[in-house]
Amino acid sequence: MKLLEGKTVLVTGGSTGIGRAAAIGAAQHGADVAINYVASDEKAESCIAEVEALGRRGIAVKGDVALPETATDFVAKAVEAFGKVDVMVSNAGICPFHAFLDMPVETVDRTFRVNLHGAYYMVQAAANQMVKQGHGGVIVAVSSISALVGGEFQTHYTPTKAGVHSLMQSAAIALGKHGIRCNSVLPGTILTEINKDDLADEAKRRYMEERTPLGRLGMPEDLAGPIVFLASDMAAYVTGAALLVDGGMFVNLQ
Ligand SMILES: NC(=O)C1=CN([C@@H]2O[C@H](COP(=O)(O)OP(=O)(O)OC[C@H]3O[C@@H](n4cnc5c(N)ncnc54)[C@H](OP(=O)(O)O)[C@@H]3O)[C@@H](O)[C@H]2O)C=CC1
Ligand SMILES: C[C@H](O)[C@@H]1OC(=O)[C@H](O)[C@@H]1O
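Residues numbered from 1 in each chain as written. Chains lettered and ligands numbered in written order. Predicted model: local features only at pLDDT ≥ 70, side-chain atom pairs only at ≥ 80, totals over all residues. Heavy atoms only, no water.

Under an unreviewed UniProt entry, the protein chain has the name L-rhamnose 1-dehydrogenase (NAD(P)(+)) and belongs to Sphingomonas kyeonggiensis. Database annotation for the protein chain, UniProt heading Sequence similarities (unreviewed entry): "Belongs to the short-chain dehydrogenases/reductases (SDR) family." UniProt lists a comment for the protein chain under the heading Pathway (unreviewed entry), and it reads "Carbohydrate degradation; L-rhamnose degradation." (UniProt positions renumbered as here; feature names shortened; annotations may be inferred.)

Encoded structure:
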């Protein structure tokens, strides 16, 4: 059964990792897809090639989500190509691991601007388009298990993920009257570019695997199903919710 037949789905940070898996998952479920990305031209093109190989339409729009104009431009280009926006997956993010006491101001500012300001601008731009269209819509934000727990080298990152989680709760209230649902997914540790260097440390990787009741770290594709589900009518009465997708890592105290 195809869950997103005829829908237009926008994904930020769609060139690699979780965003790419969400874009391809949406296309597999019948959606046309627009992705945003900031640097990886070839990877963005190859994502769109995969979308088109599935018989769906796709466009890639380059832009830094930290800038508000990237959001309005992304939405405008998607509307130009496909006529509407049904779903926004706000996913783009960075996590430059660094110790707390000597954290550079620039690293803090950039992480906040990309992960939190970027999500805010994208969600707002998509919501304005959905309100204008007048037939509701869906926003799914990629938050993190890190919205709920800390990380020694993520003191600049975890507050942004808590912020994204909170943004979805408030947006669900602000946008419910327009028929727009807002939810977040909270991935655990998923093997992507964002943590390639961090998990190159064999001992750390083994420790993270052992903390996971399902016995393995996540793959980007593990997020595609939950994101497609939340974007679909199967989740028609789900808003303001947060779905952990972490192999059980969060509940594993002892
Ligand atoms: N991997 C994990 O364990 C977890 C990840 N997450 C979250 O998932 C999201 C996706 O990360 P993940 O797939 O792991 O990492 P990746 O590094 O594989 O993907 C990040 C994506 O975001 C894009 N991006 C980065 N900065 C910007 C920017 N300024 N403007 C526009 N696009 C940008 C990248 O584009 P480009 O390739 O062009 O640089 C890329 O498409 C992030 O929000 C992250 O916080 C949450 C929990 C766990
Ligand atoms: C980048 C980390 O490996 C990843 O990001 C998160 O949000 C979680 O903390 C994961 O461990």
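Read on for the rest.
Mapped onto this structure's residue numbering, the UniProt feature "domain: Ketoreductase" (unreviewed entry) falls at residues 7–194. Between the first and last C-alpha atoms of residues 7–194 the distance is 29 Å; the span itself is 46% helix and 18% strand. (Helix = DSSP H or I, 4+ residues; strand = E, 2+ residues; numbered from the N terminus.)

Our focus in this paragraph is the site of ligand 2. As a matter of local geometry, ligand 2 sits amid C95, F97, S144, S146, Q154, Y157, G188, T189, I194 and N195. In this structure, Q154 approaches ligand 2 through a side-chain N or O atom, which is 3.2 Å from an oxygen atom. Burial of ligand 2 by the protein amounts to 90% of the accessible area it has alone, namely 290 Å². Per-class residue counts for the shell around ligand 2 are four nonpolar, six polar and no charged. (Near = heavy atom within 4 Å. Polar contact = N/O pair within 3.5 Å; in protein donor to acceptor, adjacent residues only side chain to side chain. Areas by Shrake-Rupley, 256 points an atom, 1.4 Å probe, with all protein chains shown as cover. Nonpolar A, V, L, I, M, F, W, Y, C, P; charged D, E, K, R; others polar.)

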